[in-house]
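# Architecture and fold: a report
These are the residues of each chain, in order.
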Amino acid sequence: MKKTALIMAGGKGERFWPKSRQTLPKQFLSLTNDGKTMIQLTVERILPIVNLDDIYIATNASYKHLVLEQLPGLPEENILCEPVGRNTAPCIGLGAIHIQHKYEDAVMMVLPSDHLIKYNDIFTETLCNACNIAESGKNLVTIGITPNYPETGYGYIKADKDRPLKKSFSVERFVEKPDYDLAKTYVESGDYYWNSGMFIWKLSSVLSNMQAFMTDTFNGLLKIQAAIGTPDENNVLENVFPNFVSDSIDYGIMEKASDIYLIPGNFGWDDVGSWLAVERVRGTDSLGNTLSGNVVTVDTSNCTIEGHDRLIGTVGLKDLIIVDTEDALLVADKNAAGDIKKLLASLREKEKESYL
């Protein structure tokens with residue numbers, strides 16, 4: 001069966017401020033040493049199993065030019081611009097109806113644009129296995145990351161290991177982000193996996209579940225699909241899509257459907273959720289620092305410092321994140337890295353939107 005992919009690239013990447021901005025969010029930045037942006041790496045790693053013509057990017061209109069610049073071989077019609085953000089379920093539904101317009105049925109991989117993978121060969125092998133499971137029935141397949149510490153910032157998926165299927169397990173339930181003690185229990189049990197936000201299914205499978213559990217959204221998608229390729233396509237999209245309920249695919253379908261399977265992912269996954277991820281991606285020096293740009297340190301340890309041409313000098317610092325850009329400087333305690341969104345909220349309150 002034809003393999004296709006939908007890459008979700010509409011996020012703002014606010015926890016990577018001030019480098020990630022509304023006009024240039026995280027997925028269009030390079031955070032690795034090879035100079036490639038995150039969305040370029042995402043596309044590159046699936047090219048062994050998906051033709052570029054069968055890769056679709058879901059984003060918003062203001063980022064369309066960035067997609068065209070960074071993925072020059074991608075057909076322009078494969079860039080799907082959401083009029084407004086409506087969470088992952090409507091986004092995935094929009095991708096599914098466009099791919100169905102091209103192919104009556106196909107395997108659809110749904111991937112975030114801003115994750116990093118260390119072992120691409122293992123990743124593609126995992127995806128191929130997921131495609132086989134998806135093709136073998138009405139199965140909805142997700143990839144769960146084998147946890148190596150009790151992370152409280154991720155949702156978890158509990159697998160029923162008494163019900164295996166082709167190197168996968170039946171999913172018992174999805175659970176919300178836990179506190180530390182509960183996360184520790186999850187990891188120790190060996191039955192829970194981090195929710196990666198990656199899904200694989202046939203178009204017919206996901207759309208039939210959307211019809212069953214998200215009927216209003218499904219009916220709206222049919223209206224959009226009927227207008228694809230016509231002069232009214234944009235008008236219908238603009239009129240219908242904003243009326244969709246903002247639901248995640250987890251809540252809208254995965255928590256309610258049957259025939260859900262999880263494949264453990266052990267390919268060096270990182271969701272690059274905040275500046276804390278940079279040291280995992282780039283590594284650290286002997287003092288635990290991750291330095292980029294024109295940086296000179298004295299008695300500085302366990303810091304992430306991101307600069308450019310302007311000299312950054314530090315003395316006697318520890319456990320800080322420092323990010324210097326042309327018009328903004330971030331200095332944050334590593335323990336507060338997840339609260340950068342609060343700073344952005346404060347910028348909005350103080351009418352400093354030009355820095356967002």
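Reading the values: rules and limits
- Residues numbered from 1 in each chain as written.
- Predicted model: local features only at pLDDT ≥ 70, side-chain atom pairs only at ≥ 80, totals over all residues.
- Heavy atoms only, no water.
- Pairing = 2+ DSSP bridges.
- Helix = DSSP H or I, 4+ residues; strand = E, 2+ residues; numbered from the N terminus.
- Axes fitted to C-alpha atoms, helices over the stretch in contact; angles between N-to-C directions.
- Buried < 20%, exposed > 50% of the residue type's maximum accessible area, 1.4 Å probe, protein only.
- Polar contact = N/O pair within 3.5 Å; in protein donor to acceptor, adjacent residues only side chain to side chain.
- Contact = heavy atoms within 4.5 Å.
- Phe/Tyr/Trp six-rings, centres within 6.5 Å; stacked < 30°, edge-to-face > 60°.
- Right-handed = clockwise from strand over helix to strand, strands pointing away.
- Salt bridge = Lys/Arg side-chain N within 4 Å of Asp/Glu carboxyl O.

Okay, the sheet that holds strand β12 (residues 290-292) next. Pairing in this open sheet of four strands is mixed, and the strands run β12-β14-β16-β17 from one edge to the other. Taken across any chain shown, the strands that pair with only one partner, and hence form the sheet edges, are β12 and β17 (329-333). Across the sheet, the axes of successive neighbouring strands diverge by a mean angle of 5 degrees, strand direction being ignored. Pairing of β12 with strand β14 (residues 304-306), which is carried by three bridges, proceeds in the parallel orientation. Following the sheet pairing, S292 is matched in β14 by E306.

This brings us to the side chain of K19. Counting through the fold element by element, K19 comes out in the loop between β1 (3-8) and α1 (38-46). The exposure class assigned to K19 is buried, which follows from its relative accessible area of 18%. Side-chain polar atoms of K19 contact the side chain of E306, separated by 2.8 Å. When neighbours within four sequence positions are excluded, K19 is seen to be in contact with L24, L29, S30, W275, E306 and T325.

This part takes up the packing of aromatic side chains. Evaluation of the coordinates by the stated rule reveals eleven aromatic pairs. Ring centres 5.1 Å apart and planes at 70 degrees place the aromatic pair Y149 and W194 in the edge-to-face group. With a gap of 45 residues between them, Y149 in the loop between β6 (140-145) and β7 (156-165) and W194 in strand β9 (residues 192-202) connect regions that are remote in the sequence. Judged by relative accessible area, Y149 falls into the partly exposed class, the value being 33%. Their ring planes at 45 degrees and their centres at 6.2 Å tell us that W194 and W269 sit as a pair that is tilted.

Let us now look at the pairing of strand β16 (residues 320-324). A regular strand carries its side chains on alternate faces of the sheet. A large share of β16 lies buried, amounting to five of its five residues. Two elements, β14 and β16, share three bridges in a ladder whose sense is parallel. In the strand pairing of β16, T304 is matched with I321. By the bridge criterion, five bridges tie β16 to β17 in an arrangement that is antiparallel. In the strand pairing of β17, D324 is matched with L329. Between β16 and β17, which pair antiparallel in sequence order, lie four residues.

Looking now at the pairing of β1. Of all six residues in β1, five are buried; the element is thus mostly enclosed. Here six bridges tie β1 to strand β4 (residues 107-112), and the two strands are oriented parallel to one another. Bridge pairing in β4 places K3 opposite V107. Where β1 meets strand β2 (residues 55-60), four bridges bridge the pair, whose relative direction is parallel. Bridged to I7 within β2 is I57. In this fold, β1 hands off to α1, which returns the chain to β2; that crossover is right-handed.

A few words now on the pattern of salt bridges. All told, the structure shown has 15 salt bridges when counted by the stated rule. Two residues, D327 and R21, come together in a salt bridge whose shortest N-O distance is 2.7 Å. With a gap of 306 residues between them, D327 in the loop between β16 and β17 and R21 in the loop between β1 and α1 connect regions that are remote in the sequence. The residue D270 makes a salt bridge to R280 at a minimum N-O spacing of 2.6 Å. A residue pair is termed long-range when its members are at least 10 positions apart, and D270 in strand β11 (residues 269-270) and R280 in helix α10 (residues 277-282) qualify at ten residues.

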